[in-house]
Amino acid sequence: MDPDRDLEKLNRDQLVAEVKRLRAGIRAHRDSTGHDLCWHHPDLWGLLPERITPEVAVPPWPKFLRGCLRYREALERELPDAPKADFEYDEGEGI
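Residue positions are counted from 1 within each chain, in the order its sequence is given. Local features are withheld for residues below a pLDDT of 70 in this predicted model, meaning they are given only at 70 or higher, and side-chain atom pairs are given and counted only at 80 or more; totals for whole chains, interfaces and linings count all residues. Heavy atoms throughout the structure, all of them, feed into the side-chain values; hydrogens and water do not.

Visitor: Would you mind going over the pattern of salt bridges with me for this structure?
Guide: Opposite charge on two side chains allows them to pair when their charged atoms are near. Within this document, salt bridges are pairs made up of a side-chain nitrogen of Lys or Arg and a carboxyl oxygen of Asp or Glu, the two lying within 4 Å of each other. All chains considered together, the criterion is met by 5 salt bridges. Glu18 is the salt-bridge partner of Arg21, the closest N and O atoms lying 2.9 Å from each other. Taken together, the positions of Arg21 and Glu18, both in helix H1 (residues 12-30) and 3 residues apart, correspond to about one turn of that helix. What makes Arg21 partly exposed here is its relative accessible area of 35%. Of the charged contacts in the structure, one is a salt bridge between Asp31 and Arg30, with a shortest N-O distance of 2.7 Å. Sharing partners across several salt bridges, the network here consists of Arg72, Glu76 and Lys84. Helix and strand assignments follow DSSP, with helices taken as H or I runs no shorter than four residues and strands as E runs no shorter than two, numbered in order from the N terminus. Buried residues are those whose accessible area, probed at 1.4 Å on protein chains only, stays under 20% of the maximum for their type, while exposed residues exceed 50% and partly exposed ones sit between those limits.

Structure below.
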């Protein structure tokens, strides 16, 4: 089954509204920074019409932390001049 078949039933105005909704969600994800970059993003996934509960598999701590280090190293390579957000994670943030 084509997961995007619903788009064929939308008129131009509905399609434009859908594109704007999706762009807003992508921008919200793109504009996240600091510790928000480390979280999974169910709000982004929720933009899709199919409603599923993702089966998230969590690696063991050592492998998870190595992945975090690789991600941060990639940011350093790809965005070496990015400002540094020098603050600790607060339990009130994130998930």
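There is more to say, and it comes next.
Visitor: What should I look at first to understand the environment of Val16 in this one?
Guide: The topology assignment puts Val16 in helix H1. Overall, Val16 belongs to the partly exposed group, its relative accessible area being 32%. In this structure the C-alpha to C-alpha distance between Val16 and Gly34, which are 18 residues apart in sequence, comes to 32 Å.

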